Amino acid sequence: MSVYAVTKDRLIEWLRDGRELAVLDIRTAEDVGYASPLFVTNLPVDRLEAEIDRFIPRPVVRTVLVDDGKGSAEQAAERLAAKGWTDIHFLRGGIPAWIEGGVEALPTFDIPGVPFVQKVRSEKNTPVVFARELKAWQEAGEDVVILDTRTLPEYEKAHVPGAIAVPGAELLLRFSDLVPSPKTRVVVSCAGLPRAILGAQTLIDAGVENDVSYLHDGTRGWTDDGFELETGRSRTYSHVSANAKEIAEARLKAFSRDDDLRFIDRPTAETWLKDPSRTTYFLDVRTPEEFETSHLQGSISSEGGQLLGVAYRTIAVRGARVILVDDLLGARARVVAHWLKRRGFEIALHLHDFEQGAEAAAA
């Protein structure tokens, strides 16, 4: 098939037509930064051909490559077309053409995390604490716990002193082990806003007895107030106790009460994955360590906390179905589904007994 240039106006139409669409920003990670202006998956051109199948499972999906406007997207699209990609395109003019005139009125591929959580915060009136207040609590020796909801590598690089690393989707599952007293103040942190607000609101909606708030602007707010961050993997989550699982199960009933979640068995998941007319993601939302120990064949490790804030880094096909894989309790999957369904994703859950029926990681 020929490779076609897509104009900015045509891409805007495609972003609104409701059909499956994949858009990849193939610039370097350094050029893209936290997020592409389109809020699409960043897959640098030097990794594109080796890794595209992970992000776009079906080569028939309408796909648009976006570059810096210097021609690499057209060349990459031609190579993919030669390898069997049948609906491959590139954005004429790349990112410079897209952002010309400003991006405020333009549609995006995914819902940007900050506007979404700001809406959640406004609707729920999520409590907030500022760095100066938190610092004063610590210096006064008050009973306060800081839970850092980012990934372990992010936490290790720099975090608020004393914070415990517990990625966002793990909060509800591990909460009772980390915060055994209902009198302890709990402050949820991240690097900025999205994961901290969703983490704090998850705990509040689940009915924890503690006083829960999020740290305004996270680690950035801490340094903006002149305080130093801590480095290293100083305090992290550990094995989940039976008691914590029991308490989490009870809280999940309240948290998921109105979610209308869909649970599917393995044959249904296999049927969806083989469906030639739809794209389906099979995402294991447990910790990377659990995935490495055992996982279901064909599943992809996709840490739940990251899906909460930056789903576009994994889910590159708009309009795709998403199956979330978790253990039998399903605490991580339920939390992720709760928020992603509110962002318009089509979600189903597949729960598996990894202790009794695990498939080897090498399978």
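Within any chain, residue numbers begin from 1 and follow the written order of that chain's sequence. For a predicted model such as this one, the threshold for reporting local features is a pLDDT of at least 70, and the threshold for listing and counting side-chain atom pairs is 80 or more; totals across whole chains, interfaces and linings nevertheless cover every residue. To get the side-chain values, all heavy atoms of the structure are used, and hydrogens and water are removed first.

Undergrad: When you look at the packing of aromatic side chains in this model, what are you seeing that I'm missing?
TA: To describe a pair of aromatic rings, you give the distance between the ring centres and the angle between the ring planes. Planes of paired rings set the category: under 30 degrees apart is stacked, over 60 is edge-to-face and the rest tilted, where pairs are Phe, Tyr or Trp rings (Trp by its six-membered ring) whose centres lie within 6.5 Å. Summed over all chains, the structure comprises two aromatic pairs. Seen from their ring centres, Phe39 and Tyr312 are 5.6 Å apart, and the 85 degrees between their planes marks the pair as edge-to-face. Remark: Tyr312 occurs in the loop between helix H15 (304–310) and strand S13 (317–318) and Phe39 occurs in the loop between helix H2 (29–32) and strand S3 (41–42); sequence separation between them is 273 residues. Burial classes follow relative accessibility: with a 1.4 Å probe on protein chains only, a residue under 20% of its type's maximum area counts as buried, one over 50% as exposed, and anything between as partly exposed. The buried category is assigned to Phe39, whose relative accessible area is 18%. Where Trp222 meets Phe227, the ring centres are 5.0 Å apart and the plane angle is 55 degrees; that geometry is what we call tilted. Note on Trp222: relative accessible area 1%, which makes it buried. With relative accessibility at 21%, the residue Phe227 sits in the partly exposed group. Both a distance and an angle decide whether a charge sits over a ring: NZ of Lys or CZ of Arg must be within 6 Å of the ring centre and within 35 degrees of the ring normal. Sitting over the ring of Trp14, Arg62 keeps its end group 4.9 Å from the ring centre. Put simply, DSSP marks the helices as runs of H or I at least four residues long and the strands as runs of E at least two long, and each gets a number from the N terminus on.

Undergrad: Can you help me understand the sheet that holds strand S11 (residues 280–284) in this one?
TA: Here, strands pair whenever DSSP counts at least two bridges between them. In space, the four strands of this open sheet follow the order S12-S11-S14-S15, with parallel pairing throughout. Looking at the sheet topology across the chains shown, the edges are occupied by strand S12 (300–301) and strand S15 (346–351). By the bridge criterion, five bridges tie S11 to strand S14 (residues 321–326) in an arrangement that is parallel. Of the residues in S14, the one forming a bridge with Phe282 is Ile323. A contact between two residues is defined here by any heavy atoms of the two lying within 4.5 Å. Fitted lines through C-alpha atoms give the axes, limited to the stretch in contact for helices. The angle between two N-to-C directions lies from 0 to 180 degrees. Lying on the sheet, helix H13 (residues 266–274) is in contact with S11, S14 and S15; it crosses S11 at an angle near 130 degrees.

Undergrad: For this particular structure, what's the right way to read the sheet that holds strand S7 (residues 144–148)?
TA: Strand pairs in the sheet, formed through backbone hydrogen bonds, run parallel or antiparallel to each other. Spatial ordering of the open sheet is given by S6-S10-S9-S7-S8, a layout of five strands whose pairing is parallel. The open sheet is flanked by strand S6 (128–129) and strand S8 (164–165), the only strands paired with a single partner. Where strand S9 (residues 185–189) lies against strand S10 (residues 212–215), three bridges are found, and the strand directions are parallel. Across the sheet, Val187 pairs through a bridge with Ser213, a residue of S10. Its contacts with the sheet place helix H9 (residues 171–178) against S7, S8 and S9, and it is angled at close to 150 degrees to S7.

Undergrad: Would you explain the nonpolar core in this entry?
TA: Grouped burial of nonpolar side chains is what soluble globular proteins tend to show. In terms of nonpolar packing, the biggest core is built from 74 residues, with Leu24, Leu48, Ile56, Leu65, Leu147, Leu203 and Leu324 touching the most fellow members. Once residues within four sequence positions are removed from consideration, Leu24 is found in contact with Val40, Thr41, Leu43, Leu48, Ile52, Ile56, Val64, Leu65, Val66 and Ala316. Formed by 16 residues, the second largest nonpolar core is a distinct cluster that contains Val6, Leu38, Val66 and Trp98. Nonpolar core, defined: a set of buried Ala, Val, Leu, Ile, Met, Phe, Trp, Tyr and Cys residues in which side-chain atoms within 4.5 Å join the residues together.

Undergrad: Just checking my understanding: could you explain the UniProt feature "domain: Rhodanese" (unreviewed entry) in the protein chain for this structure?
TA: UniProt positions are given in the numbering used here, feature names are shortened, and annotations may be inferred rather than shown by experiment. Annotation from UniProt places "domain: Rhodanese" (unreviewed entry) at residues 17–107, 140–231 and 276–363. As a span, residues 17–107 carries 35% helix and 16% strand, and end to end its C-alpha atoms are 12 Å apart. In the segment residues 140–231, helix accounts for 36% and strand for 17%; the C-alpha atoms at its two ends are 23 Å apart.

Undergrad: Where do I start with the pattern of salt bridges in this structure?
TA: Here the idea is simple: oppositely charged side chains can pair when their charged atoms come close. Each salt bridge in this description consists of a side-chain nitrogen of Lys or Arg and a carboxyl oxygen of Asp or Glu lying within 4 Å of one another. Tallying each qualifying case throughout the model produces 28 salt bridges. With a shortest N-O distance of 2.6 Å, Arg79 and Glu49 are connected by a salt bridge. Residue Arg79 is located in helix H4 (residues 72–82), and its partner Glu49 is located in helix H3 (residues 45–55); the two are separated by 30 residues in the primary sequence. When its relative accessible area of 32% is taken as the criterion, Arg79 is described as partly exposed.

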